[in-house]
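Fold and geometry: a report
Single-letter residue listing:
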Amino acid sequence: EPEVTQTPSHQVTQMGQEVILRCVPISNHLYFYWYRQILGQKVEFLVSFYNNEISEKSEIFDDQFSVERPDGSNFTLKIRSTKLEDSAMYFCASGQGVADTQYFGPGTRLTVL
Amino acid sequence: QQQVKQSPQSLIVQKGGISIINCAYENTAFDYFPWYQQFPGKGPALLIAIRPDVSEKKEGRFTISFNKSAKQFSLHIMDSQPGDSATYFCAAISTGANNLFFGTGTRLTVIP
């Protein structure tokens, strides 16, 4: 069964450093998403991406965040200058259509020291 | 602003019992309501979903009940098993939208 994969599983970084989180969505999906989950809290939407551009973003997704689909398979989330409060699990998701079922990857745990 | 409210926060059920988790929403534009199951260290996995044109959907031991007028929906797990112990999230999304709104989660523990 096809699944969303994410790398790395755990990323530790110093405050102020840049990080790139990588995702490989399910191959025939057209919509891609990033969510985050601060420890013990609910899953929060960050951004959605379709047709090589951002289709929607939340208030959390400020100028320090960016997304890219550099090739036909990868989907990345870049945090330009990490802050302590960026520490969270980051989940990539993909779906076939807008408002359709979203399938989540296993997540990347980001720890900012 | 909490678009989807979920209760209880935690739930302990004996093996074989029924687990019930409730959610309520505000936005009447929501028209797709999935439930996700999450094990520690894993991503949310789709469990079952419903659209508001039906009042109930059943898949195996899992049933969603939907009350459109009350803007509430619930997950029932029949014959709960220790392997069902996980965190369950309800969610909602509206047609044409991109972001799922998640509830705050319910940590279910099924005691053998």
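Everything that follows concerns the structure shown earlier in this document.
Below you will find a few notes about this structure. For every chain, the first residue of its written sequence is number 1, and the numbers climb from 1 along that sequence. Here the convention is simple: chains get letters from A, ligands get numbers from 1, in the order in which they are written. Totals for whole chains, interfaces and linings use all residues, but because this is a predicted model, local features are given only for residues with pLDDT of at least 70 and pairs of side-chain atoms are given and counted only at 80 or more. Here the side-chain values reflect all heavy atoms present in the structure, with hydrogen atoms and water set aside.

Digging into the overall build of chain A
- What counts as a helix is a DSSP run of H or I of at least four residues, what counts as a strand is a run of E of at least two, and both are numbered from the N terminus. Summing up its helical and strand segments, chain A has zero helices and eleven strands in all.
- Only C-alpha atoms enter the radius of gyration, while the globule expectation follows 2.2 Å times N to the 0.38, with N the number of residues. For a compact globule of 113 residues, the expected C-alpha radius of gyration is about 13 Å, and chain A comes in at 13 Å, within 12% of that figure.
- Once the C-alpha set of chain A is aligned to its principal axes, its extents read approximately 35 × 30 × 25 Å.
- When each of the 113 residues of chain A is scored for burial, the buried share is 45%.
- Contacts are assigned to residue pairs with any non-hydrogen atoms lying within 4.5 Å of each other. Contacts in chain A between residues far apart in sequence, at least 24 positions, make up 54% of those at least 6 positions apart.
- To be clear on the numbers: accessible area is Shrake-Rupley with a 1.4 Å probe, and residue cover counts the displayed protein chains and nothing else. In the structure as shown, chain A presents an accessible area of about 5600 Å², 46% of it carried by carbon and sulfur atoms. Whether a residue is buried, partly exposed or exposed follows from its accessible area with a 1.4 Å probe, protein chains only, as a fraction of its type maximum: under 20%, in between, or over 50%, in that order.

Remarks on the nonpolar core
- Core analysis: the biggest nonpolar cluster contains 24 residues, and Phe33(B), Trp35(B), Ile48(B), Phe73(B), Leu75(B), Tyr88(B) and Leu108(B) have the highest contact counts within it.
- Taken together, the elements giving at least two residues each to this core come down to β2 (10-14), β3 (19-25), β4 (30-38), β5 (45-50), β7 (62-67), β8 (72-77), β9 (86-94) and β11 (106-111) of chain B.
- Sequence-distant contacts of Phe33(B), defined by excluding residues within four places in its chain, comprise Tyr25(B), Ile48(B), Ala49(B), Ile50(B), Pro52(B), Ile64(B), Phe66(B), Phe73(B), Ala91(B) and Ala92(B).
- Here, nonpolar core means buried Ala, Val, Leu, Ile, Met, Phe, Trp, Tyr and Cys residues that are tied together by side-chain atoms lying within 4.5 Å of each other. The next biggest cluster of nonpolar side chains, apart from the first, holds 21 residues, and it includes Phe32(A), Phe61(A), Phe65(A) and Leu77(A).

Looking at the pattern of salt bridges
Residues and elements named next belong to chain A.
- Note on definitions: salt bridges are taken to be side-chain nitrogens of Lys or Arg within 4 Å of carboxyl oxygens of Asp or Glu. All told, the structure shown has three salt bridges over all chains when counted by the stated rule.
- Between glutamate 44 and arginine 36 there is a salt bridge, with its nearest N and O atoms 3.5 Å apart.
- You can call glutamate 44 partly exposed: its relative accessible area is 22%.
- Note on arginine 36: relative accessible area 11%, which makes it buried.

A short note on the interface of chain A and chain B
- At the interface, 20 residues of chain A touch 22 residues of chain B.
- Summed over both partners, buried area is the accessible surface (1.4 Å probe) that two parts give up on being assembled. Where chain A abuts chain B, roughly 1700 Å² becomes buried across the two surfaces, and 55% of that area is made up of carbon and sulfur atoms.
- Taken together, the connections running from chain A to chain B amount to zero salt bridges.
- Polar contacts here mean pairs of N or O atoms no more than 3.5 Å apart (in protein, one a potential hydrogen donor and the other a potential acceptor; neighbouring residues in sequence count only if both atoms are side-chain atoms). Linking chain A to chain B there are seven residue pairs in polar contact (both at pLDDT 80 or more).
- Counting residues per element, the ones that place at least two in the side of chain A that touches chain B are β4 (31-37), β5 (43-50) and β6 (53-57) of chain A.
- Gly counts as polar in this scheme, as do all residues outside two lists: the nonpolar Ala, Val, Leu, Ile, Met, Phe, Trp, Tyr, Cys and Pro, and the charged Asp, Glu, Lys and Arg. A per-class count over the side of chain A that touches chain B returns ten nonpolar, seven polar and three charged.

Digging into the sheet that holds strand β1 (residues 4-7) of chain B
All names here are of chain B.
- Only strands that DSSP links by at least two bridges are regarded as paired with each other. Judged by pairing direction, the sheet is antiparallel, and its five strands sit side by side in the order β1-β3-β8-β7-β6 without closing on themselves. Whereas interior strands pair on both sides, the edge strands pair on one side only; in this sheet they are β1 and β6 (56-59). Ignoring which end each strand starts from, the neighbouring axes of this sheet average 15° apart.
- Direction of pairing for β3 relative to β8: antiparallel, over a ladder of six bridges. By the bridge assignment for β8, cysteine 23 is matched with phenylalanine 73. A fitted line through C-alpha atoms represents every axis, and for helices the fit uses only the stretch in contact; the resulting angles, taken between N-to-C directions, go from 0 to 180 degrees.

What about the state of the cysteines?
Residues and elements named next belong to chain B.
- For this text, the term disulfide refers to a pair of cysteine sulfurs within 2.5 Å. According to the stated counting rule, one finds two disulfides over all chains in the structure shown.
- A sulfur-sulfur distance of 1.9 Å marks the disulfide that ties cysteine 23 to cysteine 90. Measuring the twist about the S-S bond at about -95°, one finds the cysteine 23-cysteine 90 disulfide to be left-handed. In this pair, cysteine 23 sits in strand β3 while cysteine 90 sits in strand β9, placing the two residues 67 residues apart along the sequence.
- With a relative accessible area of 3%, cysteine 23 lands in the buried category.

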